[in-house]
Amino acid sequence: MGQEESHSGEMNRAQIQELCLVFMKECPSGALHLHEFKRIFGVVSSSAEESLYIETVFHSFDTNKDNTLDFIEYVAALHLILRGNLEDRLKWSFKMYDTDGNGMLDRHEVKQIIRILYKIKLQKSDISMTPSEICDRIFDLVDQNHDGQITLPEFMEGAQKDEWLMNLLKLDVNATGWVIQNCGKLP
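**Thoughts on the nonpolar core**
If you look at the biggest cluster of nonpolar residues, it comprises 23 residues, and the most contacted ones within it are L90, L105, V110, I114, I138, I150 and F155. Breaking this core down by element, the ones donating at least two residues are α5 (86–97), α6 (107–122), α7 (131–142), α8 (152–161) and α9 (163–169). Residues F23, C27, V57 and A77 belong to the second largest nonpolar core, which totals 19 residues.

Right under this line is the structure:
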């Protein structure tokens, strides 16, 4: 469910090529900055949580850590968001949660992203749990050896076994809709 499903509005090669041309027009320097990235994904900075969320997404794709996305990073991001398979998306989600980059998730990291997701999307859902309760449930479901840390294999296996967890953990970046709607409209 969710990430393993094919995107109903999946882009074809011509649309992707058009988007690449847009990148070259919009970013003639070859660098996409955070404020442009926010505009592309429709973040209007009305919410500190949404802004932090999209900044986290942006930095996850900035592999050389120069605070811009070059064309290769941009294409890799688009490919993952628009066409990535479940395994790749879960690995990316794990990387997003792993803010200290140590290859494991601790409760602090999980609570941090849960707080952001809670303010963005969970308050409007039917989930009646607090961020701490959600974190506890995630660790109960995923931390197989109960060491207080979640490894990538535990994360991937746990997310694929539990539909509630999969829906919670998937990082919703509504790029597909934006790209398809705006591909031919940008200068």
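**Considering the side chain of S60**
Residue placement: S60 occurs in helix α3 (residues 48–61). Among the polar contacts made by the side chain of S60, one reaches the main-chain carbonyl oxygen of V57 at a distance of 2.6 Å. Excluding residues that lie within four positions of it along the chain, S60 makes contacts with W92, K95 and M96.

**Focus on a nonpolar patch on the surface**
On the surface, L21, M24, F71, I72 and V75 cluster together to form a nonpolar patch covering roughly 460 Å² of accessible area. If you list the elements that add at least two residues to the nonpolar patch, you get α1 (13–26) and α4 (71–83). Among the elements that take part in the nonpolar patch, α4 stands out by supplying three residues, more than any other. Position of L21 among the secondary structure elements: in helix α1. What makes L21 partly exposed here is its relative accessible area of 49%.

**Quick word on the packing of aromatic side chains**
Within the structure shown, the criterion is met by seven aromatic pairs. Between F37 and F58 the ring centres are 5.2 Å apart and the planes differ by 65°, which places this aromatic pair in the edge-to-face class. Taken together, the residues F37 in helix α2 (residues 34–40) and F58 in helix α3 connect sequence positions 21 residues apart. For the pair shown, F37 and F58 are each scored as buried. An aromatic cluster is present here, built from F23, F71 and Y74 joined pairwise through their rings. Cation over ring: R137 sits above W164, and NZ or CZ is 3.8 Å from the ring centre.

The rules we used
Residues numbered from 1 in each chain as written. Predicted model: local features only at pLDDT ≥ 70, side-chain atom pairs only at ≥ 80, totals over all residues. Heavy atoms only, no water. Core = buried A, V, L, I, M, F, W, Y, C linked by side-chain atoms within 4.5 Å. Buried < 20%, exposed > 50% of the residue type's maximum accessible area, 1.4 Å probe, protein only. Helix = DSSP H or I, 4+ residues; strand = E, 2+ residues; numbered from the N terminus. Polar contact = N/O pair within 3.5 Å; in protein donor to acceptor, adjacent residues only side chain to side chain. Contact = heavy atoms within 4.5 Å. Patch = residues over 30% accessible without salt bridge, like charges linked within 9 Å, V, L, I, M, F, W, Y side chains within 5 Å. Areas by Shrake-Rupley, 256 points an atom, 1.4 Å probe, with all protein chains shown as cover. Salt bridge = Lys/Arg side-chain N within 4 Å of Asp/Glu carboxyl O. Phe/Tyr/Trp six-rings, centres within 6.5 Å; stacked < 30°, edge-to-face > 60°. Lys NZ or Arg CZ within 6 Å of the ring centre and 35° of its normal.

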